[in-house]
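Coordinate inspection notes
In case you want the letters, here they are:
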Amino acid sequence: MTLYDVPAPAKLNLFLHIVGRRADGYHLLQSVFRFIDLCDTLSFEARADGAIERAYELPGVAPEQDLVVRAARALQAATGTKQGARIGLDKRIPQGGGLGGGSSDAATTLIALNRLWGCGLSRRELMALGLPLGADVPVFIFGQSAFAQGVGEDLQAVALPPAAYLVLQPEASVPTAEIFSAPDLTHDSKHVRITDFL
């Protein structure tokens, strides 16, 4: 069985406040996530041998670092499935642009392989499985615009008015880890309430 043209949308943070930091190093945040039309597209072909194979090249990203591969292996480990997959990726979301491309690809992988392999995990279980892969992964599994708190896993759906956005891609890339480890990053923004945003 194969799943073709499975979308992995990009997101915008309509605001992002870092309100603290946990003992394990994770930042506590508040944000509103909104999905946009720009998306990567993935395909998934089931394999019986348990292997996870990339049918694409991702410059500068080794297979063991690829969030798609890591998501597939996390689902295998969590469910004990012996199935594998050959995964294709048409990458359109720029890397290092803050649009969540890798996290979205990982979320789509968890959702698609959960279906393809017949694992039967709930959306909430997939969100918990996705969180160690990246703080943005749960919102892509959640699947709708959301007010986020915690490390990004505490999500409340929000209805947002229609809007158009111009997304520019500069000739630069800023890895998320670098941003969040910057010494001058503000860690104590004032908490807001969802009613403040709406």
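So, a few notes on the structure that sits alongside this text.

For the rest of this paragraph, the subject is the overall build of the protein. The helix and strand tally for the protein stands at six helices and six strands. Evaluated residue by residue, the protein yields a buried proportion of 41% over its 198 residues. For the protein, contacts bridging at least 24 residues in sequence account for 73% of all contacts bridging at least 6.

Each aromatic ring pair is characterised by the separation of its centres together with the angle its planes make. According to the stated counting rule, one finds two aromatic pairs in the structure shown. Relative to Phe 147, the ring of Phe 15 lies with its centre 6.4 Å away and its plane at 50°, an arrangement referred to as tilted. Of this pair, Phe 15 sits in strand β1 (residues 2-21) while Phe 147 is found in strand β5 (residues 146-149), placing the two residues 132 residues apart along the sequence. Of the residues examined, Phe 147 reaches a relative accessible area of 2% and is grouped as buried. The interplanar angle of 25° and the centroid separation of 5.4 Å between the aromatic rings of Phe 35 and Phe 140 together place this pair among those described as stacked. Remark: Phe 140 occurs in helix α4 (residues 137-142) and Phe 35 occurs in strand β2 (residues 27-47); sequence separation between them is 105 residues. By relative accessible area, Phe 35 is classed as partly exposed at 23%. For Phe 140, a relative accessible area of 7% gives the class buried.

Considering all chains together, one arrives at nine salt bridges under this definition. In this structure, the salt-bridge partner of Asp 136 is Lys 11, at a minimum N-O distance of 3.5 Å. Of the two residues, Asp 136 sits in the loop between α3 (123-130) and α4 while Lys 11 sits in strand β1, which places them 125 residues apart along the sequence. Lys 11 shares its class with Asp 136; the two are buried.

Moving on, we come to the nonpolar core. Inside soluble globular proteins, nonpolar side chains tend to come together where they are buried. Core analysis: the largest hydrophobic core is formed by 40 residues, its most contacted members being Phe 44, Ile 87, Leu 110, Leu 113 and Trp 117. With sequence-adjacent residues up to four places away left out, Phe 44 is seen in contact with Met 1, Thr 2, Leu 3, Val 6, Arg 86, Ile 87, Thr 108, Thr 109, Ala 112, Leu 113 and Leu 116.

Let us look at the packing of helix α2 (residues 101-116) against α3. Contact geometry of α2 with α3 gives a least axis separation of 10 Å together with a crossing angle of 130°. Overall, the two elements α2 and α3 adopt an arrangement that is oblique. Handedness of the α2/α3 crossing: right-handed. Residues Leu 110, Ile 111 and Asn 114 of α2 pack against Arg 123, Leu 126, Leu 129 and Gly 130 of α3. Broken down by class, the residue content of the contact of α2 with α3 amounts to four nonpolar, two polar and one charged.

Its location among the elements puts Asp 66 in the loop between β3 (52-54) and α1 (67-79). Judged by its relative accessible area of 3%, Asp 66 falls in the buried class. Among residues more than four places away in sequence, those in contact with Asp 66 are Arg 54, Tyr 56, Leu 58 and Val 61.

The rules behind each value
- Counting starts from 1 at the beginning of each chain's written sequence and moves along it residue by residue.
- Since the coordinates come from a predicted model, pLDDT governs what is reported: local features require at least 70, and pairs of side-chain atoms require 80 or more to be given and counted, while whole-chain, interface and lining totals use all residues.
- As a convention, hydrogens and water are excluded, and side-chain values are obtained from all of the structure's heavy atoms.
- Only DSSP runs of H or I reaching four residues or more are called helices, and only runs of E reaching two or more are called strands; each is numbered from the N terminus.
- Accessibility here uses a 1.4 Å probe with only protein chains present; expressed as a share of the type maximum, an area under 20% marks a residue as buried, one over 50% as exposed, and anything in between as partly exposed.
- Contacts between residues were defined by any pair of non-hydrogen atoms, one from each residue, lying within 4.5 Å.
- Two aromatic rings, drawn from Phe, Tyr or Trp (for Trp, its six-membered ring), form a pair once their centres lie within 6.5 Å of each other, and the interplanar angle then sorts them: stacked below 30 degrees, edge-to-face above 60, tilted otherwise.
- For this document, the term salt bridge refers to a Lys or Arg side-chain nitrogen within 4 Å of an Asp or Glu carboxyl oxygen.
- Within this scheme, the nonpolar core is defined by two criteria: the residues are buried Ala, Val, Leu, Ile, Met, Phe, Trp, Tyr or Cys, and they are joined through side-chain atoms within 4.5 Å.
- Angles here are taken between N-to-C directions and fall from 0 to 180 degrees, while the axes themselves are lines fitted to C-alpha atoms, restricted in helices to the stretch in contact.
- Angular relationships are summarised with four words: roughly parallel below 35 degrees, roughly antiparallel beyond 145, roughly perpendicular across 65 to 115, and oblique for the angles in between.
- A crossing counts as left-handed when the near helix is turned anticlockwise from the far one by less than a right angle, and as right-handed when that turn is clockwise.
- Each residue is assigned to one of three groups, with Ala, Val, Leu, Ile, Met, Phe, Trp, Tyr, Cys and Pro labelled nonpolar, Asp, Glu, Lys and Arg labelled charged, and all others, Gly among them, labelled polar.

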